[in-house]
Amino acid sequence: LHSQLRPLGALMTCVRMRWMCILTGEAGSGKTSLARLLARLAGREMLEVTLSTATDTTELLGCFERSEPSRVRLAALNAVLNLSGCRAAQHELAKLGVWTLAELWYEAHRTRTRSRSKKARVEARSIGEMCGGALLNLAACNDNCTLMYRAELALKKALATGAAEVRKPQLSEAEEAAVAEAER
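This is a predicted model, so every value here is computed, not measured.

Peer 1: Could you give me a rundown of the overall build of the chain, with the residues and numbers involved?
Peer 2: Secondary structure assignment for the chain yields eight helices and zero strands. Counting from the amino terminus, helix and strand elements in the chain follow one another as α-α-α-α-α-α-α-α. Counting every position in the chain, which comprises 184 residues, the buried fraction comes to 26%. Summarising the internal contacts of the chain: among those between residues at least 6 apart in sequence, 66% fall at separations of at least 24. Per element, the accessible surface of the chain, about 13700 Å² overall, is 55% carbon and sulfur.

Peer 1: So what's going on with the side chain of Arg110? Which residues, and what values?
Peer 2: Looking at the secondary structure, you find Arg110 in helix 5 (residues 87-114). The side chain of Arg110 sits in the buried core without any salt bridge; Glu107 is the nearest counter-charge, 8.3 Å away. Leaving out residues up to four positions away in the same chain, Arg110 has contacts with Ser115, Gly162, Ala163 and Ala164.

Peer 1: So, the environment of Gly9: which residues are in play, and what are the values?
Peer 2: Structurally, the position occupied by Gly9 is in helix 1 (residues 5-16). Separated by 29 residues in sequence, Gly9 and Leu38 place their C-alpha atoms 9.4 Å apart.

Peer 1: Quick rundown of the nonpolar core? Include the residues and the values.
Peer 2: The biggest cluster of nonpolar side chains holds 24 residues, and the ones touching the most others in it are Leu77, Val98, Trp99, Leu101, Cys131, Leu138 and Val166. Counting residues per element, this core draws most heavily on helix 5, at nine residues. Counting five residues, the second largest nonpolar core, distinct from the first, contains Leu8, Leu34, Leu37 and Leu38.

Peer 1: Tell me about the layout of surface pockets, and name the residues and values.
Peer 2: There is about 1100 Å³ of room inside the largest pocket. In terms of lining residues, the largest pocket is bounded by 27 residues, among which Cys21, Leu23, Ala35, Met46 and Leu47 are the most central. Broken down by secondary-structure element, the contributors of at least two residues to the lining of the largest pocket are helix 1 and helix 2 (31-42). With six residues, helix 2 is the largest single contributor of residues to the lining of the largest pocket. The class makeup of the residues in the lining of the largest pocket is 16 nonpolar, five polar and six charged. Put simply, the second largest pocket is a space of about 300 Å³. Trp105, Gly132, Leu135, Leu136, Ala139, Cys145, Met148, Tyr149, Ala151, Glu152 and Leu155 together form the lining of the second largest pocket.

Conventions adopted
Residues numbered from 1 in each chain as written. Predicted model: local features only at pLDDT ≥ 70, side-chain atom pairs only at ≥ 80, totals over all residues. Heavy atoms only, no water. Helix = DSSP H or I, 4+ residues; strand = E, 2+ residues; numbered from the N terminus. Buried < 20%, exposed > 50% of the residue type's maximum accessible area, 1.4 Å probe, protein only. Contact = heavy atoms within 4.5 Å. Areas by Shrake-Rupley, 256 points an atom, 1.4 Å probe, with all protein chains shown as cover. Lys, Arg positive; Asp, Glu negative; His and termini not counted. Salt bridge = Lys/Arg side-chain N within 4 Å of Asp/Glu carboxyl O. Core = buried A, V, L, I, M, F, W, Y, C linked by side-chain atoms within 4.5 Å. 1 Å grid on protein atoms, 1.4 Å probe; cavity = no way out; pocket = protein on both sides within 12 Å on 5 of 7 lines; lining within 4 Å. Points joined across faces, edges and corners; volume = space filled by probe spheres on them. Nonpolar A, V, L, I, M, F, W, Y, C, P; charged D, E, K, R; others polar.

If you want it as structure tokens, here you go:
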């Protein structure tokens, strides 16, 4: 341990200053042990990446992976659902995404009730639950009341009439100004 104090101090300085640190040396000279020791002393988890002349850049940077649009949609909705639970983000998120969430929820509802494909119904249920959860989280913010009432009314109207899509109500300029004033 005494022989590692000087290199450990240098490594600690690099970490504290947020400098990149490259450990070099012979195999078995203690590079990994030193990094593990610092991680243990700091109470942090360490991610180890072993490099060699055979290491390919895609192992470090990753590579392009095709993914299904449904997986991407579910991942994005999951992020929105998580963000909607954050008080600080609710008002801005509502202004930007309430209508998209309402449209996705309605589309999922229609798919769930009309599709013959079990896979489509299961996916639609997940989408509907995430959209519904995000909308409920956004409704908890008092600043969103007017916007949420408008979205709720549009959803109820679409459900009652069996419309193909949810339509955002068109307001006059005076009504838009009044809504904007009420939201401030």
